[in-house]
Amino acid sequence: MKHKKYLIFIIAVWAFLVFPFAGMLFWRSDETTENTELASFPSLKTEEGWNQEYLSEMGAYFEDHFALRQYWVTANALLRKNVIQSSATDQVVLGKNDWLYFSGTTADYQGTNLFSEREMNAILHNLKLIQNYVQQQGSAFYLMVPPNKNSLYDENMPYYYQKGDGSNLKMLTERFQQEGISYIDLYGAFQEKEEVLYFQRDSHWNNQGALLAYRNLMEQVGKDYETYLNVPFDVEKVHSGDLDEMLFPKAVQKEDDYFYDTASNFVYVNEVKDNMDSWIETENPDATGSILMYRDSFGESLLPFVAGEFEKGYFSRLVPYNLLQVEQYQPDVVVIEKVERNLDDFITDMPIVECPQVKNMIAPQAQTNTEMTAEKAGSFLEIKGTLDEEYIQPDTQIYVSVRDENTMETKTYETFYAETEDGEANGFHLYLKGGSVPEGNIQLNVIAVNGSQPFIVCSKEITWNL
């Protein structure tokens with residue numbers, strides 16, 4: 001009898017260990033609520049021969065697809081939460097009172113990722129280039145930044161995350177006004193409200209929060225937002241939080257959200273799966289004007305409010321921003337909505353647009369380690385590179401000149417300033433329309449200006465053909 005008990009125990013343990021693999025024949029997991037991409041089944045052979053990474057890739061595939069994975073993930077997360085009060089994923093911070101926070105916001109919260117003066121200047125420079133371009137096309141420009149949840153509601157953050165004295169959003173907010181950037185201060189608007197306008201177990205605002213952002217935007221663009229004043233609403237416990245789904249995919253706690261009774265008639269022009277689609281066009285025959293909004297996930301709940309106020313709406317989640325759409329659609333209003341935690345996108349993802357031409361300048365040649373590449377990108381000439389760090393200062397200006405070697409005619413352009421691998425914004429990036437570049441042999445010069453002194457810090461000769 002004793003041996004029989006041991007045998008049953010061994011079989012049970014063996015079945016428990018084998019089930020995740022054997023069960024893949026019937027209950028393979030092909031979904032994830034985590035912010036990752038599932039591994040694909042590896043090939044034993046590649047074009048180069050035998051796949052040397054086959055075993056590690058197979059391990060990654062099993063880790064993502066083992067049987068009933070989401071249930072095991074949930075069980076592990078609940079066990080860790082209730083026994084040792086820790087999160088089972090490094091993407092989610094367990095807060096007090098059942099609050100969840102996105103770990104990608106902790107650096108902002110603690111002030112450990114503050115921009116250098118060069119990075120600040122680069123962000124402001126890039127935004128001014130965007131704003132100037134939009135306004136030159138006859139459109140109004142606005143920037144709005146949804147705050148991180150813990151920037152507004154930090155009382156439930158764990159004690160071991162100490163809030164920093166400063167933040168990138170606060171520093172930039174002061175500079176936006178100084179630099180004349182049309183900025184809608186959502187942080188200030190949310191701070192004035194006593195009620196909590198973000199979800200407890202999600203990283204985003206609820207529909208009440210989206211409504212507040214909508215009202216601030218409409219006030220700036222001069223639109224009447226009485227559509228949603230004194231409107232009846234229903235409260236329904238239907239929302240599944242993104243952080244909750246990441247941590248407890250099979251034990252999500254539904255949260256209340258607010259649904260407003262309005263007579264907004266906007267319709268989707270293109271085929272739309274949901275408001276997280278990368279490109280959405282809307283129409284409302286009862287409204288006037290048009291809007292082009294470059295947005296992120298916060299725009300999911302904001303979109304219906306905004307779309308109802310414009311005859312034509314264009315909403316893009318595509319990055320980098322294709323600013324040529326401003327020329328194409330000629331909207332009355334262009335809005336960039338970018339969440340606080342991703343403010344550095346303004347120096348990592350350069351928009352697709354031709355940079356403005358400036359006056360030519362006389363500059364001596366300097367021997368530096370500046371690097372530059374120039375390649376065809378569709379119908380554009382894309383020029384980018386890294387300025388020698390010895391020449392970079394907080395207010396360094398970077399230009400690129402293009403000289404036709406046949407006519408010796410020169411044109412000089414501003415550039416966007418870009419973050420580089422070393423973490424400083426000493427990169428540069430610009431697109432030139434193919435028709436703006438003379439065909440044949442041309443010389444490209446990178447010009448750095450510190451104070452009033454320009455230097456040619458890199459030169460390259462290329463042959464350009466459309």
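Residues numbered from 1 in each chain as written. Predicted model: local features only at pLDDT ≥ 70, side-chain atom pairs only at ≥ 80, totals over all residues. Heavy atoms only, no water.

- Under an unreviewed UniProt entry, the name given to the protein is AlgX/AlgJ SGNH hydrolase-like domain-containing protein, and the organism recorded is Anaerotignum lactatifermentans.
- Word for word, the UniProt comment on the protein under Pathway (unreviewed entry) is "Glycan biosynthesis; alginate biosynthesis."
- Taken from UniProt, the Subcellular location (unreviewed entry) comment for the protein reads in full: "Periplasm". (UniProt positions renumbered as here; feature names shortened; annotations may be inferred.)

Overview of the nonpolar core
And step 1. Core analysis: the largest hydrophobic core is formed by 103 residues, its most contacted members being Leu-217 and Val-306.
And step 2. It is helix 6 (residues 117-136) that provides the largest number of residues to this core, a total of nine residues.
And step 3. The contact partners of Leu-217, leaving out residues within four places of it in the chain, are Met-144, Ile-184, Ile-291, Met-293, Val-306 and Val-335.
And step 4. Core analysis: the second largest hydrophobic core is formed by eight residues, Leu-100, Phe-102, Leu-243 and Phe-248 among them. (Core = buried A, V, L, I, M, F, W, Y, C linked by side-chain atoms within 4.5 Å. Buried < 20%, exposed > 50% of the residue type's maximum accessible area, 1.4 Å probe, protein only. Helix = DSSP H or I, 4+ residues; strand = E, 2+ residues; numbered from the N terminus. Contact = heavy atoms within 4.5 Å.)

Focus: helix 12 (residues 299-307)
And step 1. Of all nine residues in helix 12, seven are buried; the element is thus mostly enclosed.
And step 2. If you check which residues of helix 12 are buried, you get Gly-299, Ser-301, Leu-302, Leu-303, Phe-305, Val-306 and Ala-307.

Some words on the packing of aromatic side chains
And step 1. Summed over the entire model, instances satisfying the criterion amount to 25 aromatic pairs.
And step 2. Ring geometry for Tyr-228 and Phe-305: centres 4.9 Å apart, planes at 80°, overall edge-to-face. A residue pair is termed long-range when its members are at least 10 positions apart, and Tyr-228 in the loop between helix 10 (207-221) and strand 7 (233-239) and Phe-305 in helix 12 qualify at 77 residues.
And step 3. Exposure remark for Tyr-228: the relative accessible area of 6% places this residue in the buried category.
And step 4. Residue Phe-305 is classed as buried on the basis of its relative accessible area, which comes to 6%.
And step 5. Taken together, the ring pairs in this structure connect Trp-99, Tyr-101, Tyr-153, Phe-190, Tyr-198, Trp-205 and Phe-298 into an aromatic cluster.
And step 6. When the ring centre of Tyr-417 is taken as reference, the NZ or CZ atom of Arg-118 above it lies at 4.7 Å. (Phe/Tyr/Trp six-rings, centres within 6.5 Å; stacked < 30°, edge-to-face > 60°. Lys NZ or Arg CZ within 6 Å of the ring centre and 35° of its normal.)

Some points on the pairing of strand 21 (residues 440-450)
And step 1. Of all 11 residues making up strand 21, 10 are buried, and the element is well covered by its neighbours.
And step 2. Pairing of strand 17 (residues 397-404) with strand 21, which is carried by eight bridges, proceeds in the antiparallel orientation. What sits directly across from Ser-401, in strand 21, is Asn-445.
And step 3. Pairing analysis gives 11 bridges linking strand 21 to strand 22 (residues 453-464), with the strands arranged antiparallel. Directly across from Gly-440, in strand 22, lies its bridge partner Trp-464.
And step 4. A loop of two residues connects strand 21 with strand 22, the two strands running antiparallel in sequence, and Gly-451 in this loop sits at a positive phi of about 70°. (Pairing = 2+ DSSP bridges.)

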